[in-house]
Structure formats: C-alpha cells, structure tokens
Amino acid sequence: MNTRLEVESAIKQLPEDEVRNLGKWLQEYLDEMWDLQIKADLASGKLDRLIAQAEEDIAANNVRDLDEVLWDG
C-alpha cells in the first residue's frame, strides 16, 4: 500500500471494531507526532518569543482564568 487511496480502500474493507481500533491508534500516533514537534520547536527556540510574552503577561497579571475563557461564550 503506497497511496492514501489504497489505504482508504483497505480501511473500508475492515470490520467496524478494527476501524475504531485503527482510529484510536491513529490519534495516538498524531498526538505523539505533535509532542515531538513541540519538543523540537522548544529546543530550536521557535517558541521563545511566545514563552517570553506569556511570562510578561503573567508578571503583569494580564491573564484570565481558563474557566472564564472557556465559558465566556
């Protein structure tokens, strides 16, 4: 299987429980890729400016409680 279309075709032939297991595995794989990218970005300094800004905002008490942000509607 070398193309996305071949993979999609194979998935469509799987039983539902196998598709669900594959979906769970794929999400875990994507989460791992995300974690590795964040670690690489931290190590390379790509996030330094954002971290500095966040630290400045915290020091200036220019922050809101997460619940307030999430439920602000």
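Within each chain, residues carry numbers counting from 1 in the order of the written sequence. Residues qualify for local features only when their pLDDT is at least 70, as the model is predicted, and side-chain atom pairs are given and counted only at 80 or more; totals for whole chains, interfaces and linings, by contrast, use all residues. Heavy atoms throughout the structure, all of them, feed into the side-chain values; hydrogens and water do not.

## Describing the overall build of the protein chain
- Helix numbers and strand numbers start at the N terminus; a helix is a DSSP run of H or I with at least 4 residues, a strand a run of E with at least 2. Of regular secondary structure, the protein chain possesses 4 helices and 0 strands.
- Reading the protein chain from its N terminus to its C terminus gives the helix and strand order α-α-α-α.
- With C-alpha atoms as the basis for the radius of gyration, the globule rule is written as 2.2 Å multiplied by the number of residues raised to the power 0.38. Relative to the 2.2 N^0.38 estimate, which gives 11 Å for 73 residues, the radius of gyration of the protein chain is 20 Å and therefore markedly larger than a compact globule would have.
- Overall, the C-alpha framework of the protein chain stretches about 55 × 35 × 15 Å when taken along its three principal axes.
- When the 73 residues of the protein chain are sorted by exposure, 1% land in the buried category.
- Using a 1.4 Å probe, the Shrake-Rupley method yields the accessible areas, and only the shown protein chains count as cover for residues. When the accessible surface of the protein chain is summed, it comes to about 6900 Å², and 56% of that surface belongs to carbon and sulfur atoms.
- Each charge class in the protein chain can be summarised by its mean position, and for the 8 positive and 18 negative side chains these summaries are 6 Å apart. Think of it in three bands: residues with accessible area under 20% of the maximum for their type are buried, residues over 50% are exposed, and the middle band is partly exposed, with areas taken using a 1.4 Å probe on protein chains only. For this count, His and the chain ends are skipped, Lys and Arg are scored as positive, and Asp and Glu as negative. A charge is said to be at NZ when it belongs to Lys, at CZ for Arg, at CG for Asp and at CD for Glu.

## A look at a negative patch on the surface
- Together, Glu-28, Asp-31, Glu-32 and Asp-35 make up a region of like negative charge exposed at the surface.
- As for its position among the elements, Asp-35 is in helix 2 (residues 16-44).
- By relative accessible area, which is 42% here, Asp-35 ends up partly exposed. Without a salt bridge and with relative accessible area above 30%, a residue can belong to a patch; like charges are then joined within 9 Å and nonpolar side chains (Val, Leu, Ile, Met, Phe, Trp, Tyr) within 5 Å. Salt bridge criterion: a side-chain nitrogen from Lys or Arg within 4 Å of a carboxyl oxygen from Asp or Glu.

## A short note on the side chain of Asp-41
- With respect to the secondary-structure elements, Asp-41 resides in helix 2.
- The exposure class of Asp-41 is buried, given its relative accessible area of 14%.
- We call two residues in contact whenever any of their non-hydrogen atoms come within 4.5 Å of each other. Among residues more than four places away in sequence, those in contact with Asp-41 are Lys-46 and Leu-47.

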